[in-house]
Amino acid sequence: EQDVAGYRKSMAIRVSGFDVPRPIKTFEDCSFSSQLKNAIAKQGYEKPTSIQCQALPIVLSGRDIIGIAKTGSGKTAAFVLPMIVHIMDQPELAKEEGPIGVICAPTRELAHQIYLECKKFSKLHGIRVSAVYGGMSKLDQFKELKAGCEIVVATPGRLIDLLKMKALTMLRATYLVLDEADRMFDLGFEPQIRSIVGQIRPDRQTLLFSATMPGRVEKLAREILSDPVRVTVGEVG
Ligand code: ADP
Ligand code: MG
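Each value, and the rule that gives it
- Residues numbered from 1 in each chain as written.
- Chains lettered and ligands numbered in written order.
- Predicted model: local features only at pLDDT ≥ 70, side-chain atom pairs only at ≥ 80, totals over all residues.
- Helix = DSSP H or I, 4+ residues; strand = E, 2+ residues; numbered from the N terminus.
- Rg over C-alpha atoms; globule rule 2.2 N^0.38 Å.
- Buried ≥ 20, exposed ≤ 12 C-beta atoms within 10 Å, placed from the backbone.
- Core = buried A, V, L, I, M, F, W, Y, C linked by C-beta atoms within 7 Å.
- Contact = placed C-beta atoms within 7 Å.
- Axes fitted to C-alpha atoms, helices over the stretch in contact; angles between N-to-C directions.
- Parallel < 35°, antiparallel > 145°, perpendicular 65-115°, else oblique.
- Left-handed = near helix turned anticlockwise from the far one by under 90°.
- Nonpolar A, V, L, I, M, F, W, Y, C, P; charged D, E, K, R; others polar.
- pLDDT = per-residue confidence, 0-100.
- Pairing = 2+ DSSP bridges.
- Expected span 1.5 Å × (residues − 1).

- Per an unreviewed UniProt entry, the recorded name for the protein is RNA helicase, and the organism is Trapa natans.

## Some remarks on the overall build of the protein
- The helix and strand tally for the protein stands at nine helices and eight strands.
- Whereas a compact globule of 237 residues would reach a radius of gyration of roughly 18 Å, the protein reaches 17 Å, a difference of no more than 12%.
- Overall, the protein is about 50 × 40 × 30 Å in size when its C-alpha atoms are taken along their principal axes.
- Counting the 237 residues in the protein, one finds 44% classified as buried.

## Things to note about the nonpolar core
- If you look at the biggest cluster of nonpolar residues, it comprises 66 residues, and the most contacted ones within it are Cys 104, Ala 111, Val 153 and Leu 178.
- Other than its neighbours up to four places away in sequence, Ala 111 contacts Ala 105, Ala 131, Tyr 133, Val 153, Ala 154 and Thr 155.

## Brief notes about the packing of helix α2 (residues 50–60) against helix α3 (residues 75–88)
- Close contact between α2 and α3 brings their axes to 9 Å; oriented N to C, the two are set at 25°. Comparing the axis directions of α2 and α3 gives the class roughly parallel. In this structure, α2 meets α3 at a crossing whose hand is right-handed. Across the interface between the two elements, Ile 51, Gln 52, Ala 55, Leu 56, Val 59 and Leu 60 from α2 touch Lys 75, Ala 77, Ala 78, Phe 79, Leu 81, Pro 82 and Val 85 from α3.
- Here the contact of α2 with α3 is composed, by residue class, of eleven nonpolar, one polar and one charged.

## Things to note about the confidence of the model for the protein
- Residues with a pLDDT of 70 or more make up 92% of the protein, whose mean pLDDT is 92.
- This model gives residues 5–10 a pLDDT under 50, and the stretch forms twelve contacts once residues within four places in sequence are excluded.
- Here the predicted complex carries an ipTM of 0.99, next to a pTM of 0.93.

## A look at the sheet that holds strand β1 (residues 13–16)
- Reading across from one edge, β1-β8-β2-β7-β6-β3-β5-β4 is the order of the eight strands in this open sheet, with mixed pairing throughout. Each edge of the open sheet carries a strand with a single partner, namely β1 and β4 (129–132). The mean inter-strand angle of the sheet, taken between neighbouring strand axes irrespective of direction, is 10°.
- Here strand β2 (residues 65–68) pairs with strand β7 (residues 205–210) via four bridges, running parallel. Its bridge partner being in β7, Ile 65 is matched across the sheet by Leu 207.

## Details of α3
- Compared with an ideal rise of 1.5 Å per residue, which puts 14 residues at 20 Å, α3 spans 21 Å between its outermost C-alpha atoms and is within 8% of the ideal.
- The element α3 is largely enclosed, with a buried count of ten among its 14 residues.
- Regarding α3, the residues found buried are Lys 75, Thr 76, Ala 77, Ala 78, Phe 79, Val 80, Leu 81, Pro 82, Met 83 and Ile 84.

What follows is the structure in C-alpha cells.
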C-alpha cells in the first residue's frame with residue numbers, strides 16, 4: 001500500500017494540539033460541493049494522502065495548522081481544497097477588494113505549480129486566481145491584480161513590490177498560506193514574509209507548511225499562528 005510519491009500508508013504521523021478534529025478517511029467525509037468533488041475525481045485523486053486525511057478536517061474547521069512533511073506528500077491540495085470552501089463561505093463582497101486567499105511560496109516554479117493546482121479546483125466556482133513572481137512583467141501583474149482576484153499565489157519579494165505599488169490591498173485577506181517556509185527563510189525572505197503577515201488582519205486563518213522546522217521558522221510560527229495543530233508526517237521535523 002503506497003501513498004503518492006512512494007509514501008507508505010503506515011508511515012508515522014504525529015499530531016499535537018488541543019481539540020484536534022478527527023482525521024477523515026475519504027474525500028466523501030469532507031463537506032465539499034459537488035463541483036469540488038467532481039474536480040477532485042477528475043484529477044484522479046481517489047483517496048486523500050496521509051497529510052490530507054489529517055489536515056483537511058483541521059483546516060476546514062478553521063484552525064491554524066503547522067504541516068511538516070516532505071515533498072510529494074500532497075500538501076498543496078491540503079491547503080487549496082479548504083481554501084476554495086473558505087472563499088465560497090464568504091458573504092458577497094465587492095470584487096475590487098483584493099484576494100481572500102494569499103499563498104506565499106519560495107520560487108516562481110513552486111508558485112506556478114500551486115497556481116495550476118488552484119486553477120483545477122477554482123474554475124467551476126468562478127474564483128479568480130493570480131500568480132505573481134519575478135521574471136514576469138510587473139506591469140502586467142499590476143493590471144491583473146487591479147482587475148481583481150480571490151486568490152493570489154506569490155513569491156514574497158514580488159508580492160511586496162506589488163503591495164507597495166498598490167496593485168492590491170490585503171483588506172479582504174483571511175486565509176494565509178506559507179508554503180515551504182524553511183526554503184523561504186533559506187532564500188532570505190523572512191523580512192518580506194513578516195511584512196506580508198503584518199498587512200493581513202490578525203483574525204485570519206494561517207497555515208504554515210515546511211519540510212523542516214529550524215529555530216527561526218519555529219519562532220515565526222509561534223508569533224503568527226493562533227492555537228495551531230501540528231501535523232508531522234514521516235521522519236521529518
Ligand atoms: P507536496 O506539496 O507535499 O510536495 P504536492 O501537493 O505537490 O506535494 O503533490 C504531489 C503529487 O501528488 C502531485 O502530482 C499531486 O497532483 C499528487 N496528489 C496530491 N494529492 C493526491 C491524492 N489524494 N491522490 C493522488 N495524487 C495526489
Ligand atoms: Mg509543496
